[in-house]
Amino acid sequence: MIPPGAMVILAPLCTGIFFGVTSVAGLLVGSLVASIQLAISMSNSGGAWDNAKKYIEKQPPDSELKGKGSDIHKAAVVGDTVGDPFKDTSG
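Residues numbered from 1 in each chain as written. Predicted model: local features only at pLDDT ≥ 70, side-chain atom pairs only at ≥ 80, totals over all residues. Heavy atoms only, no water.

Asker: Pulling in residues and values, what's your account of the overall build of the protein?
Answerer: The number of helices and strands found in the protein is three helices and zero strands. Secondary structure elements in the protein, listed N-terminal to C-terminal, are α-α-α. Relative to a compact globule of 91 residues, whose C-alpha radius of gyration would be 12 Å, the protein shows 21 Å and is clearly more extended. Projected onto its principal axes, the C-alpha coordinates of the protein cover approximately 65 × 25 × 20 Å. Put simply, the protein has 91 residues, and 20% of those count as buried. Considering only contacts within the protein whose residues lie at least 6 apart along the sequence, 46% involve residues at least 24 apart. Of the roughly 6600 Å² of accessible surface on the protein, 71% is carried by carbon and sulfur atoms. Distance from the positive charge centre (7 side chains) to the negative charge centre (8 side chains) of the protein: 3 Å. (Helix = DSSP H or I, 4+ residues; strand = E, 2+ residues; numbered from the N terminus. Rg over C-alpha atoms; globule rule 2.2 N^0.38 Å. Buried < 20%, exposed > 50% of the residue type's maximum accessible area, 1.4 Å probe, protein only. Contact = heavy atoms within 4.5 Å. Areas by Shrake-Rupley, 256 points an atom, 1.4 Å probe, with all protein chains shown as cover. Lys, Arg positive; Asp, Glu negative; His and termini not counted. Charge placed at Lys NZ, Arg CZ, Asp CG, Glu CD.)

Asker: Break down the packing of helix α2 (residues 21-57) against helix α3 (residues 71-90) for me, citing the residues and quoting the values.
Answerer: Between two packed helices, both the angle of their axes relative to each other and the distance between the axes serve to describe the pair. α3 packs onto α2 with a crossing angle of 145 degrees between their chain directions and a minimal axis gap of 7 Å. Taken as a pair, α2 and α3 cross one another with a handedness that is left-handed. On α3, the residues that touch Ala39, Met42, Ser43, Ser45, Gly46, Gly47, Trp49, Asp50, Lys53, Ile56 and Glu57 of α2 are Ile72, His73, Ala76, Val77, Gly79, Asp80, Val82, Gly83, Phe86, Lys87, Thr89 and Ser90. The class makeup of the residues in the contact of α2 with α3 is nine nonpolar, nine polar and five charged. (Axes fitted to C-alpha atoms, helices over the stretch in contact; angles between N-to-C directions. Left-handed = near helix turned anticlockwise from the far one by under 90°. Nonpolar A, V, L, I, M, F, W, Y, C, P; charged D, E, K, R; others polar.)

Asker: Could you give an account of the packing of aromatic side chains, with specific residues and numbers?
Answerer: Scanning the entire structure with this criterion turns up one aromatic pair. Each ring, one from Trp49 and one from Phe86, has its centre 5.7 Å from the other, and the planes form 50 degrees; the classification is tilted. One end of the pair, Trp49, is in helix α2; the other, Phe86, is in helix α3, with 37 residues separating them in the sequence. (Phe/Tyr/Trp six-rings, centres within 6.5 Å; stacked < 30°, edge-to-face > 60°.)

Asker: So what's going on with the packing of helix α1 (residues 2-19) against α2? Which residues, and what values?
Answerer: It is the contact of α1 with α2, at a shortest axis distance of 7 Å, that shows an interaxial angle of 150 degrees. It follows that α1 is roughly antiparallel to α2 by the angle criterion. The hand of the α1/α2 crossing is right-handed. Where α1 approaches α2, its residues Ala11, Pro12, Thr15, Gly16 and Phe19 are matched on the opposing element by Ser23, Val24 and Leu27. Split by residue class, the contact of α1 with α2 holds five nonpolar, three polar and no charged. (Parallel < 35°, antiparallel > 145°, perpendicular 65-115°, else oblique.)

Asker: Requested: an account of the pattern of salt bridges, with residues and values cited.
Answerer: For the structure shown, the criterion picks out five salt bridges. Its salt-bridge partner being Glu57, residue Lys53 comes within 3.9 Å of it at the nearest N-O pair. Residue Lys53 and its partner Glu57 are located together in helix α2, separated by four residues, close to a single helical turn. Taking relative accessible area as the criterion, Lys53 reaches 17% and is therefore assigned buried. Glu57 sits in the partly exposed class, given a relative accessible area of 28%. Taken together, the shared-partner salt bridges in this structure form one network comprising Asp50, Lys54, Asp84 and Lys87. (Salt bridge = Lys/Arg side-chain N within 4 Å of Asp/Glu carboxyl O.)

Asker: Which residues make up the side chain of Asp80, and what are the values?
Answerer: Locating Asp80 in the fold gives a position in helix α3. Reaching out from Asp80, the side chain makes a polar contact with the side chain of Lys53 at a distance of 3.3 Å. Those residues in contact with Asp80, other than ones at most four positions away along the chain, are Trp49, Asp50 and Lys53. (Polar contact = N/O pair within 3.5 Å; in protein donor to acceptor, adjacent residues only side chain to side chain.)

So yeah, pure geometry; function would need other evidence.
So, in structure tokens, the structure goes:
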């Protein structure tokens, strides 16, 4: 975790030293815009994974999705395990 932390600290410093204040402002605004887009995407995809699992659980065992306990449901549970932190951390 030291290299990512060092990059967060050193990127604006090096940008300011080599390119000036205007470049630092551009770097920070660009980072802010990118993080907003990432938060919206994470929130939407986390909700989609959660809804997919709920939809599969409501299906009867003789349907194409085979309902709860099938391999498809197990994959949806894994997706929901990823999706829950997505929703929690981006909101």
